[in-house]
Amino acid sequence: MDHFIYRNGQLFAEDVSIDDLAAKVGTPFYVYSQRTLEDHYDRIAQAFAELDPIICYSIKSCGNVHLCKALADRGAGMDVVSGGELHRAKLAGANMAKVVYAGVGKTDSEIIDAVNAGIGWFNIESEAEFENIAAIAKRLGKTANAALRVNPDVYDSKTHDKTTTGKKETKFGVDIERAKRFFERYGQVESLRLNAIHLHIGSPIYSADPYVAAINKAMQLIDDLRQAGHHVTTLDIGGGFAADYQTGASPLAADYAGQIVPLLRDFHAGGGTIILEPGRTISANAGLLVTRVLYLKTGGRKKFVIVDTGMHHLIRPAMYEAFHFIWPTSVAPQHEPNARQETLDLPGLETCEVVGPVCETADAFAKDRALPPVARGDLLAIFTAGAYGMVMASNYNAFPLPAEVLVNGDRATVIRKRQTYDDVTALEREAMAV
Ligand SMILES: *Cc1c(COP(=O)(O)O)cnc(C)c1O
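What comes next is a walk through the structure. (Residues numbered from 1 in each chain as written. Predicted model: local features only at pLDDT ≥ 70, side-chain atom pairs only at ≥ 80, totals over all residues. Heavy atoms only, no water.)

Quick word on the sheet that holds strand E3 (residues 16-17)
Pairing within the open sheet is antiparallel, and its three strands lie in the order E1-E2-E3. Of all the strands in the sheet, the pair left with one neighbour each is strand E1 (4-7) and E3. Where E1 lies against strand E2 (residues 10-13), four bridges are found, and the strand directions are antiparallel. Bridging from a neighbouring strand, Tyr6 pairs with Leu11 of E2. (Pairing = 2+ DSSP bridges. Helix = DSSP H or I, 4+ residues; strand = E, 2+ residues; numbered from the N terminus.)

Here's what the structure looks like:
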């Protein structure tokens, strides 16, 4: 499902050797495969083509402007959750009419920017927020569209609690009963036209079933709203499609579409607009985090592999107990991995704990992981790191942020420079009286 492939024991991103890249840009760095990113986008576009949806790539999953631009060039809209992400969407040249803006805490200045940009829809989380956006649009002499985020009270038991958003008691959206009162109250506001329903039930969701349950509830709600005389033109089914953290773990875009498209056929045929907000399923498999082994250390029965990146650059293992496949970029032929999964049936593997340099016990990528023999100086690739990787990276412990590299065929481009110590301290150089 991606273009990170071992050839003669050497890991390549498309046609570029990872070891060659590391020699040029240093470690650690994120490397993305443009073809993988585009393939995953295209698969969704093809699978849902019958509904002619607006596919709004979720910038929060992986926001580098160059990646957003590659997707915008293919016709993608953007799903943003802040003024900063709106700025990225603009820099990427995205069509503003295909931008949806979600988030429970939009500030006035963020709202003003988005109204002035002429975005497609504000995804609304509360009554107070609706009133504020409507008032701002009116003051600016503009109009905007609003989608009400509805909480359908469905969730996937495999989704981590920290990424479940569709339960009744999360901070997101309003429940179905309140949605009807919402339309009664605000359905006629001129500056902010409430004409859409938004769902986003969490992430990653490893089957189509929760979508089916949520969409059925949403379609029933839309019927009820239309019967009450409200104008509902658009349904946004959100994001959350899974990624292959392990080989073959996630359904294909066509599998999700196979169950979802039939539910929306009539709505689309009647002139309804469908929006999708995929993030992870496009970006996760398109990125690796490449790191160098600094030290090996034994503690009790354990062998620690200490590397030059950690939770400050990829927090998912520490934050969500997430699994990432890790493997040396250069291996003997018998150690080429035949799948990316927790245990591989290969000779001569050693059980290791792979840890970073940060002063936190949580700074571990893998606790009991069978790896081929590694030595100080070897490179390791941390796979499926494209989504919620670099975007969640921090300067904790004053480590500079890693570089980002984009590979397209045999061409590699640095699309974000590695931070320097001066970059990290730049905003502290002068103290100013206030
Ligand atoms: C995070 C988010 C998405 C994207 O989720 P993925 O799992 O990356 O697909 C889409 N919509 C909203 C509202 C989100 O918050």
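Some remarks on the site of the ligand
Around the ligand, a shell composed of 15 residues is seen, among which Lys60, Ser203, Glu277, Arg280 and Tyr388 lie nearest. Between the ligand and Lys60 there is a distance of 2.7 Å, counted from an oxygen atom to a side-chain nitrogen or oxygen. At a separation of 2.2 Å, an oxygen atom of the ligand approaches a polar side-chain atom of Ser203. Bound to the protein, the ligand loses 94% of the 390 Å² it would expose on its own. Across the shell around the ligand, the residue classes tally to three nonpolar, seven polar and five charged. (Near = heavy atom within 4 Å. Polar contact = N/O pair within 3.5 Å; in protein donor to acceptor, adjacent residues only side chain to side chain. Areas by Shrake-Rupley, 256 points an atom, 1.4 Å probe, with all protein chains shown as cover. Nonpolar A, V, L, I, M, F, W, Y, C, P; charged D, E, K, R; others polar.)

A word on the pattern of salt bridges
This structure, assessed with the given rule, holds 15 salt bridges. A salt bridge links Arg340 to Asp2, with the shortest nitrogen-to-oxygen separation between them at 2.6 Å. Of the two residues, Arg340 sits in the loop between strand E15 (326-328) and strand E16 (350-355) while Asp2 sits in the segment before E1, which places them 338 residues apart along the sequence. Each member of the pair, Arg340 as well as Asp2, is classed as buried. The salt bridge partner of Glu129 is Lys106, with a shortest N-O separation of 2.4 Å. (Salt bridge = Lys/Arg side-chain N within 4 Å of Asp/Glu carboxyl O. Buried < 20%, exposed > 50% of the residue type's maximum accessible area, 1.4 Å probe, protein only.)

Observations regarding helix H1 (residues 18-25)
Along H1, the positions that sit buried rather than exposed are Ile18, Leu21 and Ala22. Down the axis of H1, the sector holding all buried residues measures 100°, keeping them to one side. Along H1, the residues that are exposed and aim more than 90 degrees away from the buried face are Ala23 and Lys24. Measuring from the side-chain oxygen of the N-cap residue of H1 to the backbone nitrogen of Asp19 gives 3.3 Å; that N-cap residue is Ser17. Remark: Gly26 follows H1 within two positions and exhibits a positive phi of approximately 80°. (Arc of directions from axis to C-beta.)

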